[in-house]
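# An overview of the molecular structure
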Amino acid sequence: MALGRLPRLSRLLWRGGEAASAPTSARTPNQAHYRFEFGRDTDGRSTVLGRVVAELPLCCQRCFERYDLKVDAEVVLALVEGLDEAKALPAEYEPLMLEDRLMRASDLVEDELILAVPAIPRHPEGACKPPPVPSTVARLVGLDGDGAALEADRKPGADRHPFATLAALKTPRDDTESQD
């Protein structure tokens, strides 16, 4: 299934140029592969068992470059009609409540892929670096161009007064109108 057919997921995916990082998977890029089996368990519950595999192009929130998140999600769902029935499910099942009697495979695939996207997508630790801090911003907040604290700010006790730099920037207001 093409990732472009999944509108809710598409909003979370990388929108930049494709040259940043090509997918390394042997699978078809921008495709989700899935397999679902519909049936009943030994207790007569309607179930959906399967797997969703994809490589999602995401934007790293640390360096703002593309990275590919490999997803291999196991699907173990039981169809339920209400919250009471969902609470009574054994721990191995996730509840699936249907609003109508139709179930689309694309909805199940999209839900599983959205659940796999981290709240703050980023490369693994050490795989990227944040962009340099602009010099004007860096001077205001006491950082060098690489985001490290300036030597003057590393003196003992500097961490006890986090707003000391901002206080130094504060200028007295010229309130001539309020003096009347």
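For the structure itself, look to the data block above.
Structural notes, computed from the coordinates. (Residues numbered from 1 in each chain as written. Predicted model: local features only at pLDDT ≥ 70, side-chain atom pairs only at ≥ 80, totals over all residues. Heavy atoms only, no water.)

### Points about the overall build of the chain
- A tally of regular secondary structure across the chain gives five helices and four strands.
- Along the chain, helices and strands appear, N-terminal first, in the series α-β-β-β-α-β-α-α-α.
- Residues counted as buried form 28% of the 180 residues belonging to the chain.
- Considering only residue pairs separated by 6 or more positions, the chain has 57% of its internal contacts joining residues 24 or more positions apart.
- With the model as given, the accessible surface of the chain reaches about 12900 Å², and the carbon-plus-sulfur share is 53%. (Helix = DSSP H or I, 4+ residues; strand = E, 2+ residues; numbered from the N terminus. Buried < 20%, exposed > 50% of the residue type's maximum accessible area, 1.4 Å probe, protein only. Contact = heavy atoms within 4.5 Å. Areas by Shrake-Rupley, 256 points an atom, 1.4 Å probe, with all protein chains shown as cover.)

### Section: the sheet that holds strand 1 (residues 32-40)
- Strands sit in the order 1-2-3-4 across an open sheet of four strands; the sheet is mixed. For this open sheet the edge positions go to strand 1 and strand 4 (94-97), each flanked by a neighbour on one side alone. Recorded for the sheet is a direction-independent mean angle of 35 degrees between the axes of neighbouring strands.
- Here strand 1 runs beside strand 2 (residues 46-59); their pairing, made up of nine bridges, is antiparallel. Within strand 2, the residue paired with A32 across the bridge is A54. (Pairing = 2+ DSSP bridges. Axes fitted to C-alpha atoms, helices over the stretch in contact; angles between N-to-C directions.)

### Comments concerning unusual backbone geometry
- Phi is positive for F64, which is not a glycine, with a value near 65 degrees.
- Considering the arrangement of structural elements, one finds F64 in the loop between strand 2 and strand 3 (66-80).
- Overall, the relative accessible area of 45% leaves F64 in the partly exposed class.

### Remarks on a nonpolar patch on the surface
- A surface patch of nonpolar side chains, about 330 Å² in accessible area, is lined by F163, L166 and L169.
- Considering the arrangement of structural elements, one finds L166 in helix 5 (residues 164-169).
- According to the relative accessible area criterion, L166 is partly exposed, its value standing at 49%. (Patch = residues over 30% accessible without salt bridge, like charges linked within 9 Å, V, L, I, M, F, W, Y side chains within 5 Å. Salt bridge = Lys/Arg side-chain N within 4 Å of Asp/Glu carboxyl O.)

### Considering the nonpolar core
- One finds L3, L9, L56, V109 and L113 to be the most contacted residues of the largest nonpolar core, which totals 26 residues.
- For this core, the elements supplying multiple residues, two or more each, are strand 1, strand 2, strand 3 and helix 3 (105-116).
- Per element, the largest residue contribution to this core is six residues, and it comes from strand 3.
- Non-local contacts of L9, meaning those with residues more than four positions away in its chain, are made with L3, L56, E110, L113, I114 and V117.
- Among the nonpolar cores identified, the runner-up in size contains five residues, and A78, V80, L89 and Y93 belong to it. (Core = buried A, V, L, I, M, F, W, Y, C linked by side-chain atoms within 4.5 Å.)

### Here we look at the side chain of R66
- Assignment of secondary structure puts R66 in strand 3.
- Classification of R66 by relative accessible area gives buried; the value is 4%.
- A distance of 3.0 Å separates polar atoms of two side chains, one belonging to R66 and the other to D68. (Polar contact = N/O pair within 3.5 Å; in protein donor to acceptor, adjacent residues only side chain to side chain.)

### Focus: the packing of aromatic side chains
- Throughout the structure, instances matching the rule amount to two aromatic pairs.
- For the pair Y34 and F36, a centre-to-centre distance of 5.3 Å together with 35 degrees between the ring planes defines the contact as tilted.
- For Y34, a relative accessible area of 36% corresponds to the partly exposed category.
- Overall, F36 belongs to the buried group, its relative accessible area being 14%.
- Judged by centre distance (6.4 Å) and plane angle (65 degrees), the rings of F36 and F38 are edge-to-face.
- Given the relative accessible area of 53%, F38 is considered exposed.
- Members of the aromatic cluster, joined through ring pairs, are Y34, F36 and F38. (Phe/Tyr/Trp six-rings, centres within 6.5 Å; stacked < 30°, edge-to-face > 60°.)

Everything listed here is a matter of coordinates, which is why it stays silent on function.
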